[in-house]
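Here is how the chains run, residue by residue.
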Amino acid sequence: MSKTGIIIRREYFIRVKKKSFLVMTFLGPILIASLWIIPFFLALNSDNQSKVLVVDETIMEKDGVKSSLYFNKFKNDKELIFEYGYDIKEAQDKLNKGDYDAVLEIVSTNDMPPIKGFLFYSENEPSLTAQEAIQSQLSNILKDHVLKYDYGMNEKDLEWFNNPKIGFYSKDIRSGKDSYKEIKTFLAIIAGICIYMFIFMFGAQVMKSVSEEKTSRIVEVLVSSIKPVQLLMGKIVAVGLVGLTQLVLWLVLSVVLIGGLRTVSPQTFSEPQKENITINERVISVDKVGDMTSDSSQVNQVVQGLFSIDYTLVILMFVFYFITGYLLYAALFGAVGALIDVDTDAQQFTLPITIPLIIAMVCFPIVINSPSGGVAFWLSMIPLTSPMVMMMRIPFGVPIWEIATSMGLIILFIIFCMWFAAKIYRTGILMYGKNITYKEIWKWFKYNN
Amino acid sequence: MTIFSTNNISKTYANHKALDQVSINVEKGSVFGLLGPNGAGKTTLIRIINQITAPDEGEIYFMGEKLRSEHVHHIGYLPEERGLYKKMKVGEQAIYLAELKGIKKADAKKRLEYWFNKFDIYSWWNRKVEELSKGMQQKVQFITTILHEPELLIFDEPFSGFDPINANLLKEEILELKNNGATIIFSTHNMESVEAICDSIALINKSKKILDGRVDEIKQRFKKNEFEIILSKENNISDYIFDGVELIKKNTDLNFQVSTLKIEKGRNADLLSKILQKTDIISYKEILPTMNEIFIDTVSNE
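Residues numbered from 1 in each chain as written. Chains lettered and ligands numbered in written order. Predicted model: local features only at pLDDT ≥ 70, side-chain atom pairs only at ≥ 80, totals over all residues. Heavy atoms only, no water.

A. Structural context of the overall build of chain A. Looking only at helices and strands, chain A has 16 helices and eight strands in total. Counting across all 449 residues of chain A, residues that qualify as buried make up 42%. At a minimum sequence separation of 6, the contacts of chain A that also span at least 24 residues come to 70%. When the accessible surface of chain A is totalled, it reaches about 25,400 Å², and 63% of it is carbon and sulfur. (Helix = DSSP H or I, 4+ residues; strand = E, 2+ residues; numbered from the N terminus. Buried < 20%, exposed > 50% of the residue type's maximum accessible area, 1.4 Å probe, protein only. Contact = heavy atoms within 4.5 Å. Areas by Shrake-Rupley, 256 points an atom, 1.4 Å probe, with all protein chains shown as cover.)

B. Seen up close, the sheet that holds strand 6 (residues 118-122) of chain A. All names here are of chain A. Taken in spatial order, the four strands of this open sheet run 4-1-5-6, and their pairing is mixed. The sheet terminates laterally at strand 4 (80-85) and strand 6, the two strands that pair on one side only. Direction aside, neighbouring strands of the sheet carry axes that sit 25° apart on average. (Pairing = 2+ DSSP bridges. Axes fitted to C-alpha atoms, helices over the stretch in contact; angles between N-to-C directions.)

C. Molecular detail of the pattern of salt bridges. Per the stated rule, a full pass over the model turns up 30 salt bridges over all chains. In this structure, Glu130 of chain B engages Lys87 of chain B in a salt bridge whose closest nitrogen and oxygen atoms are separated by 3.5 Å. With Glu130 of chain B in the loop between helix 3 (105-118) and helix 4 (134-146) and Lys87 of chain B in the loop between strand 6 (75-78) and helix 2 (90-100), the pair connects residues that are 43 residues apart, well separated along the chain. Look at Lys87 of chain B and you get exposed, because its relative accessible area is 60%. Two residues, Lys223 of chain B and Glu286 of chain B, come together in a salt bridge whose shortest N-O distance is 3.4 Å. Note that Lys223 of chain B is positioned in the loop between helix 7 (215-222) and strand 11 (226-232) and Glu286 of chain B in strand 14 (residues 283-287), a separation of 63 residues in sequence. Accessibility expressed as a relative area gives 29% for Glu286 of chain B, which makes it partly exposed. In this structure, a network of salt bridges that share partners links the residues Arg10, Glu11, Arg15, Glu213 and Lys235 of chain A. (Salt bridge = Lys/Arg side-chain N within 4 Å of Asp/Glu carboxyl O.)

D. Expanded view of the confidence of the model for chain A. On average, residues of chain A score 79 in pLDDT, and 78% of them are at 70 or above. In the model, residues 289-295 of chain A has pLDDT below 50 throughout and makes seven contacts with residues more than four positions away in sequence or in other chains. (pLDDT = per-residue confidence, 0-100.)

E. The packing of helix 11 (residues 346-362) of chain A against helix 14 (residues 386-393) of chain A, seen in detail. All names here are of chain A. It is at 9 Å that the axes of helix 11 and helix 14 come closest, and there the two elements cross at 20°. The pairing of helix 11 with helix 14 is recorded here as roughly parallel in orientation. The way helix 11 lies across helix 14 gives a crossing that is right-handed. Only Met388, Val389 and Met392 of helix 14 make contact with helix 11, whose side of the interface consists of Leu357, Ala360 and Met361. Within the contact of helix 11 with helix 14, the residues separate by chemical class into six nonpolar, no polar and no charged. (Parallel < 35°, antiparallel > 145°, perpendicular 65-115°, else oblique. Left-handed = near helix turned anticlockwise from the far one by under 90°. Nonpolar A, V, L, I, M, F, W, Y, C, P; charged D, E, K, R; others polar.)

F. Quick look at the packing of aromatic side chains. Enumeration over the complete set of coordinates arrives at 25 aromatic pairs over all chains. Taken together, a centroid distance of 4.7 Å and an interplanar angle of 40° make the contact between Phe198 of chain A and Phe202 of chain A tilted. One end of the pair is Phe198 of chain A and the other is Phe202 of chain A, both in helix 6 (residues 181-215) and four residues apart, which spans about a single turn. Judged by centre distance (5.7 Å) and plane angle (35°), the rings of Tyr122 of chain B and Trp125 of chain B are tilted. A connected cluster of aromatic rings, assembled from ring pairs, spans Phe198, Phe202, Phe318, Phe322 and Tyr326 of chain A. Its guanidinium or amino end placed over the ring of Tyr85 of chain B, Arg10 of chain A lies 3.7 Å from that ring's centre, counting from NZ or CZ. (Phe/Tyr/Trp six-rings, centres within 6.5 Å; stacked < 30°, edge-to-face > 60°. Lys NZ or Arg CZ within 6 Å of the ring centre and 35° of its normal.)

G. Region of the structure containing the interface of chain A and chain B. Taken together, the contacts link 25 residues of chain A with 30 residues of chain B. Buried surface at the junction of chain A and chain B, summed over both partners, amounts to about 2,500 Å²; 58% is from carbon and sulfur atoms. Looking only at chain A, the three residues that lose the most surface to chain B are Arg10, Glu220 and Ser224 of chain A, adding up to 22% of its buried area. For the pair chain A and chain B, the number of links is three salt bridges. Among the ionic pairs, Glu81 of chain B bridges to Arg217 of chain A, the shortest N-O distance being 3.4 Å. Counting residues per element, the ones that place at least two in the side of chain A that touches chain B are helix 1 (3-16) and helix 7 (218-222) of chain A. When residues in the side of chain A that touches chain B are grouped by element, the largest group, seven residues, is from helix 1 of chain A. Split into classes, the residues belonging to the side of chain A that touches chain B amount to eleven nonpolar, five polar and nine charged. (Buried area = accessible area lost by both parts, 1.4 Å probe.)

H. Structural detail: a positive patch on the surface. A grouping of Lys17 and Lys19 of chain A together with Lys89, Lys105, Lys109 and Lys128 of chain B is seen on the molecular surface, where their side chains present a positively charged patch. For Lys19 of chain A, the position within the fold is in helix 2 (residues 19-44). (Patch = residues over 30% accessible without salt bridge, like charges linked within 9 Å, V, L, I, M, F, W, Y side chains within 5 Å. Lys, Arg positive; Asp, Glu negative; His and termini not counted. Charge placed at Lys NZ, Arg CZ, Asp CG, Glu CD.)

I. Main features of empty space enclosed by the protein. Summed over the entire model, instances satisfying the criterion amount to three cavities of 30 Å³ or more. Counted as a void, the largest cavity has a volume near 90 Å³. As for the largest cavity, its lining consists of Val221, Leu222 and Ser225 of chain A together with Gly76, Tyr77, Leu97, Ala98, Leu100, Lys101, Thr144, Thr145 and His148 of chain B. Counting residues per element, the ones that place at least two in the lining of the largest cavity are helix 7 of chain A together with strand 6, helix 2 and helix 4 of chain B. Examining the composition of the lining of the largest cavity, we find that three residues originate from one element, helix 2 of chain B, more than from any other. (1 Å grid on protein atoms, 1.4 Å probe; cavity = no way out; pocket = protein on both sides within 12 Å on 5 of 7 lines; lining within 4 Å. Points joined across faces, edges and corners; volume = space filled by probe spheres on them.)

J. Just the environment of Ala91 of chain A, in detail. Residues and elements named next belong to chain A. In this fold, Ala91 is placed in helix 3 (residues 88-97). Each C-alpha atom of the pair Ala91 and Val54 lies 8.7 Å from the other, and the pair is 37 residues apart in sequence. Contact partners of Ala91, with chain neighbours within four places excluded, come to Leu53, Val55 and Val103.

K. Focus on the layout of surface pockets. A volume near 1,200 Å³ is recorded for the second largest pocket. Taken together, 37 residues form the lining of the second largest pocket, with Arg10, Ile14, Arg15 and Lys18 of chain A together with Lys87 of chain B sitting closest to its centre. Only helix 1, helix 2, helix 6 and helix 8 (228-264) of chain A together with helix 2 of chain B provide two or more residues apiece to the lining of the second largest pocket. Here the element with the most residues in the lining of the second largest pocket is helix 6 of chain A; it accounts for eight residues. The residue inventory of the lining of the second largest pocket, partitioned by class, reads 13 nonpolar, six polar and 18 charged.

L. Up close: the nonpolar core. Phe4 and Phe155 of chain B are the most contacted members of the largest nonpolar core, which has 160 residues in total. The contacts of Phe4 of chain B, once residues within four sequence positions are left out, are Ile24, Asn25, Val26, Ile49, Ile60, Tyr61, Phe62, Leu152 and Ile185 of chain B. Ranked by size, the runner-up nonpolar core spans 14 residues in total, among them Val52, Leu69, Leu104 and Ile106 of chain A. (Core = buried A, V, L, I, M, F, W, Y, C linked by side-chain atoms within 4.5 Å.)

M. Local environment of helix 4 of chain B. End to end, helix 4 of chain B covers 19 Å across 13 residues, agreeing with the expected 18 Å (1.5 Å per residue, within 8%). With ten of its 13 residues buried, helix 4 of chain B lies for the most part within the structure. Along helix 4 of chain B, the residues classified as buried are Gly135, Gln138, Lys139, Val140, Gln141, Phe142, Ile143, Thr144, Thr145 and Ile146 of chain B. Where helix 4 of chain B is buried, its residues contact helix 7 of chain A together with strand 6, helix 2, helix 3, strand 7 (152-156) and helix 5 (164-179) of chain B. (Expected span 1.5 Å × (residues − 1).)

N. Focus on unusual backbone geometry. Residues and elements named next belong to chain B. Despite not being glycine, Asn8 shows a phi value in the positive range, around 50°. By secondary structure assignment, the location of Asn8 is in strand 1 (residues 2-12). Assessed through its relative accessible area of 35%, Asn8 is described here as partly exposed.

O. A nonpolar patch on the surface, seen in detail. Residue and element names in this part refer to chain A. Judged by side-chain polarity, Val237, Leu241, Leu244, Ile315, Val319 and Ile323 come together as a nonpolar surface patch covering roughly 430 Å² of accessible area. Of all the secondary structure elements, the ones that give two or more residues to the nonpolar patch are helix 8 and helix 10 (311-339). Inspection of the secondary structure assignment puts Ile315 in helix 10.

The structure is reproduced here in structure tokens:
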């Protein structure tokens, strides 16, 4: 066996045999699943409806019937419940006591219809969405009023006007199938986060392992038997293999879990009923409009969406970016590990390499919202962020030339990083008891080992 | 026969010269002492021998060839800063290190059993390194250094961290390795151990080699023509001194008068016969400088 092989064997088995590896293998999928399931259940059973007391000073009483433009016009929904009151002092007391979450005061002004003078009080900072929802209800009420009285629209027309049923079907241009944007978003996020976590977890392992060898001084014995580059590469490859092993085990577990679910709840996996509609003599197949909002049908949609994606490309790309992203960062983390002595100044060296990772994660809503936009494009070209960002884009479809450029760039950059890391590594591991500065690292490039 | 030599090697780091035109010659089967104050360049030279780093200029020869990477299988290195994987089992770790030196697993196991028994640490085979005392770790590391039976061994401050009993055990092992034909390069500050085990030395100071040669030859070179002469108590050495003989120290204890004299070359016989005409000489010997004195003199005269 080659010496690098001996290194890989040791570094691999020492990790795979650890208890923590076994625990992560079984706990990991459960943890990740719970990350997705818990918010889902929380949203389902949420009783965090906010009660809003509307104090309307514009109310007029005529023949014993109270009325105003806004009275009894607010619609209750999942998040907001509206009640009505008359006295602002009383309302504020109730708010203080906690009977209500917010008070909306409608102050009487000279405008007709009253469109100014809405004061919103709340104990805690109200959520932005709640405020926006109230604002939009206000403007809807106003709009209805104008349409009804100034333009003479009847209730039925108004209803249609407010909620026109638009037949909007998102289709994939290549297959003509439904495009399942939400599912792609979901897949994009999973793929991006998966690569991010993998890079962080296993990159940090490479760093820790390098710095342990340095601080325990065994590295001096090791490099008298093998070249430092062999040692570093062996380590990177072994830790990467550990990661792949874990991933494969997770996949196997997931397949088993899904298989189990399929037998327990077969309707989740059934094809949705299709109906054909005819538009200008073209027949288009769409999901039958049934109780689309019910939960089981949503799950069904997710499952169907998952089956609708071109997996060959996604999986191939995932494997590519998974491996390249890891190699790139493992080299950098390895170099940092060689700079750390007794864990004192790890921070200043880890920060520069964690920043691009964090940027990729912070930008992911932008990327998901606009997978072909400028931010998404550039971040998927820059090798330090492309493994995560390109993976977020791929489910939505990316031109071949962009994928090819991104892949080419990352390979070039890996070669550069490996060279760079090897250079820092072989000097750094033998520097004891010295506070290494960036200036010093720069000097290392000027002499040859 | 020379087993290892360097020819004018130099090594410059970013802003300081670690080695400057250093040439050494190590005879096969000898113990070679590499001496010098801290920061003189010893560690750099040792790392160059181990091919951990390469010189900027100069050539290195090992077993008659230019030094190349396969030679690491014939070199054993015990660094000054010692360390092992703390969480790894002792036996497993020793096998791993042996494999990296090119020994087959089964072979390594056989040899390790012999050494572990010899050093009386076999019962530790399945323990983790962190459970061992420091002295035991040192033993394990010593074994891993010599297990592949290298032609050339490099020990950097081998005695540091050993208690006197184990240090003695180690010294005997080193001498036995030498008797079995191994060559040893030995870096140390401990001049007593240099006197005890080194055949020849090189002294490095401020990145230059300032002295080298066989230990006995160096001592001859540095001798100051000083002699110790012991007479019986009733004599006074001053009575015999003549031009060319200088009394450096005189010490009369209960029974003897012990004096140190500096005698000009060729005047010994005159002095001895002058004394012998009057009285007996109990003891007469030349005082050779210790390696410690030579070290301090040479380095501080630089």
